[in-house]
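So you can see what is in the structure, the chains are spelled out below.
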Amino acid sequence: MPRRTLLTGIAGGLVAAGAGPAAGLGRRRVLHVRPGDSVQAAVDAVAGAGWTIVVHPGTYREVVNVPVEAGELTLRGATPDPRDAVIVHDNANGTPKPDGSGTYGTAGSATFTSAAPGLTVRNLTLANDWLRADHPEITGTQAVAAYVTGDRSRFSRVRLLAHQDTLFADTSALDAFGRQYFSRCYVEGDVDFVFGRATAVFADCHFHTLQRDVAFTPKGMVFAPSTARANPHGILAVRSRITSGAEDAAYKLARPWVPSYETTAWPSLVVRDSWIGPGIDPVAPYTNMRDAYPWQSMRFAEYRNTGPGSVITVPENRPQLPPAEAGLHTPAAYLGDWRPVPSP
């Protein structure tokens, strides 16, 4: 039997199992993380590209940061059920840093951060369980579950859980058109919970708007793209569904985000061939983040959607893609020469 090159994590450190010090140089460069271990310690043990980290069932309360040097990393749950392995923490934008240097900010609040190109994440839950009700003194209530900037980042069967700003799908620089692909993922939240500058494709995903204890509507928005003007492709949701734990029409489908640091942004969103539930306001599904950047001037469109939240009652409020342009808004068109293959 050939000598094993599998690396396994045990409480107290990550060590090679059944092999000498050079075990990590073999073809199978795998680290296992079990309850009592640290996912971040496994990431820190990665040397170079092409490693796999297997996270065994359990809850890992920590912040995980994957650096750009860890290219082509695969981070996956040990079982097919993403509920079995959970990485969770509870920082918010306004949470003070322990060293007294200020607050975390939106991006810094993320439970999971990755700048690595070619990242693959599958069969995991990434969550931020910070709650507004527990911290009335904090006004910066954005609390990110995942902040992703690396090109060719792929998520499959991943649950992304938070409230405001759940998934920050961004790029490494203002002029970078980083691509991200989410297949069969579940994303829940309340305010702008899928947002950012990335070319982000969501295929066969489930978006769920949470009940929110406020007296006003809209209670929140699903999408808040901030696409660079030079990028022809922003956020695309295809063959997906949008459900809600709130009352009918309490949520908007999207609003454009034009950041103060990138006022030339031209947000782009296409939702097509998807089922939109009654939680989305069918009469006016879009709204402004700031009146200086009206949603009508942005690149928002829908195509062949179904469900009570997709009913067109006021046509000018629901721009539709002409059939001749539908071919420009497909996963292949958005992802270019990158062809992520769905996991079995």
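None of the values given here were measured: they were computed from a predicted structure.

1. Considering the overall build of the protein
Logical step 1: In terms of regular secondary structure, the protein is built from three helices and 27 strands.
Logical step 2: A compact globule built from 344 residues should have a C-alpha radius of gyration of about 20 Å, and the protein, at 20 Å, falls within 12% of that.
Logical step 3: The principal-axis extents of the C-alpha atoms in the protein amount to approximately 70 × 50 × 35 Å.
Logical step 4: Within the protein, the fraction of its 344 residues that count as buried is 57%.
Logical step 5: Counting contacts in the protein only where the partners sit at least 6 residues apart, residues at least 24 apart contribute 68% of the total.

2. What about the pattern of salt bridges?
For side chains of opposite charge, pairing can occur when their charged atoms come near one another.
Logical step 1: Summed over the entire model, instances satisfying the criterion amount to 15 salt bridges.
Logical step 2: Note that aspartate 190 is salt-bridged to arginine 132, the shortest N-O span being 2.9 Å. Taken together, the positions of aspartate 190 in the loop between strand E17 (186-189) and strand E18 (194-196) and arginine 132 in the loop between strand E11 (125-128) and strand E12 (146-148) put the pair 58 residues apart, joining distant regions of the chain.
Logical step 3: In this structure, the salt-bridge partner of aspartate 170 is arginine 197, at a minimum N-O distance of 3.3 Å. Of this pair, aspartate 170 sits in the loop between strand E15 (167-169) and strand E16 (179-183) while arginine 197 sits in the loop between E18 and strand E19 (199-203), and the two are 27 residues apart along the sequence. Each member of the pair, aspartate 170 as well as arginine 197, carries the same accessibility label: buried.
Logical step 4: By sharing partners, the salt bridges in this structure join Asp151, Arg179 and Asp337 into a single network.

3. Regarding the sheet that holds strand E13 (residues 153-156)
Logical step 1: Strands sit in the order E3-E4-E7-E10-E13-E16-E19-E22-E25-E27 across an open sheet of 10 strands; the sheet is parallel. The strands lining the two open edges of the sheet, one partner per strand, are strand E3 (30-33) and strand E27 (299-303). When the angles between neighbouring strand axes are averaged without regard to direction, this sheet yields 10 degrees.
Logical step 2: The pairing of E16 with E19 spans five bridges and is classified as parallel. From the neighbouring strand, phenylalanine 182 faces E19, where its bridge partner is phenylalanine 202.

4. Concerning the nonpolar core
Logical step 1: With 60 residues, the main nonpolar core has Ile53, Phe112, Phe155, Phe202, Phe207 and Phe223 as its most contacted residues.
Logical step 2: Aside from chain neighbours lying at most four places away, what touches phenylalanine 155 is Phe112, Leu119, Val121, Leu126, Val148, Tyr181, Phe182, Ser183 and Cys185.
Logical step 3: Counting residues in hydrophobic clusters, the runner-up holds 13 residues, among them Val201, Val270, Tyr303 and Leu321.

5. Comments concerning unusual backbone geometry
Logical step 1: With an omega dihedral of 0 degrees, the bond running from threonine 217 to proline 218 counts as a cis peptide bond.
Logical step 2: Its location among the elements puts proline 218 in the loop between strand E20 (206-209) and strand E21 (220-225).
Logical step 3: For arginine 184, which is not a glycine, the phi torsion comes out positive at approximately 55 degrees.
Logical step 4: Counting through the fold element by element, arginine 184 comes out in the loop between E16 and E17.
Logical step 5: Among the residues examined, arginine 184 registers a relative accessible area of 35% and is labelled partly exposed.
Logical step 6: If you check the backbone angles, alanine 249 has positive phi at about 65 degrees while not being a glycine.
Logical step 7: Tracing the backbone through its elements, the reader meets alanine 249 in the loop between strand E23 (241-244) and strand E24 (251-254).

6. Comments concerning the packing of aromatic side chains
Logical step 1: Scanning the entire structure with this criterion turns up 11 aromatic pairs.
Logical step 2: Summarising the aromatic geometry, the rings of phenylalanine 202 and phenylalanine 207 are spaced 5.4 Å apart at their centres and angled 65 degrees between planes, so their arrangement reads as edge-to-face.
Logical step 3: A relative accessible area of 0% means that phenylalanine 202 is categorised as buried.
Logical step 4: Taking the relative accessible area as the measure of exposure, phenylalanine 207 reaches 1% and is therefore buried.

7. Topic: the confidence of the model for the protein
Logical step 1: Of all residues in the protein, 91% attain a pLDDT of 70 or more, and the chain-wide mean is 92.
Logical step 2: Across residues 1-13, confidence stays below pLDDT 50; counting only partners more than four residues off in sequence or on other chains, it has 35 contacts.
Logical step 3: Counting interchain partners and residues more than four positions distant, the pLDDT-below-50 stretch residues 15-26 has 20 contacts.

Conventions we followed
- Residues numbered from 1 in each chain as written.
- Predicted model: local features only at pLDDT ≥ 70, side-chain atom pairs only at ≥ 80, totals over all residues.
- Heavy atoms only, no water.
- Helix = DSSP H or I, 4+ residues; strand = E, 2+ residues; numbered from the N terminus.
- Rg over C-alpha atoms; globule rule 2.2 N^0.38 Å.
- Buried < 20%, exposed > 50% of the residue type's maximum accessible area, 1.4 Å probe, protein only.
- Contact = heavy atoms within 4.5 Å.
- Salt bridge = Lys/Arg side-chain N within 4 Å of Asp/Glu carboxyl O.
- Pairing = 2+ DSSP bridges.
- Axes fitted to C-alpha atoms, helices over the stretch in contact; angles between N-to-C directions.
- Core = buried A, V, L, I, M, F, W, Y, C linked by side-chain atoms within 4.5 Å.
- Phe/Tyr/Trp six-rings, centres within 6.5 Å; stacked < 30°, edge-to-face > 60°.
- pLDDT = per-residue confidence, 0-100.

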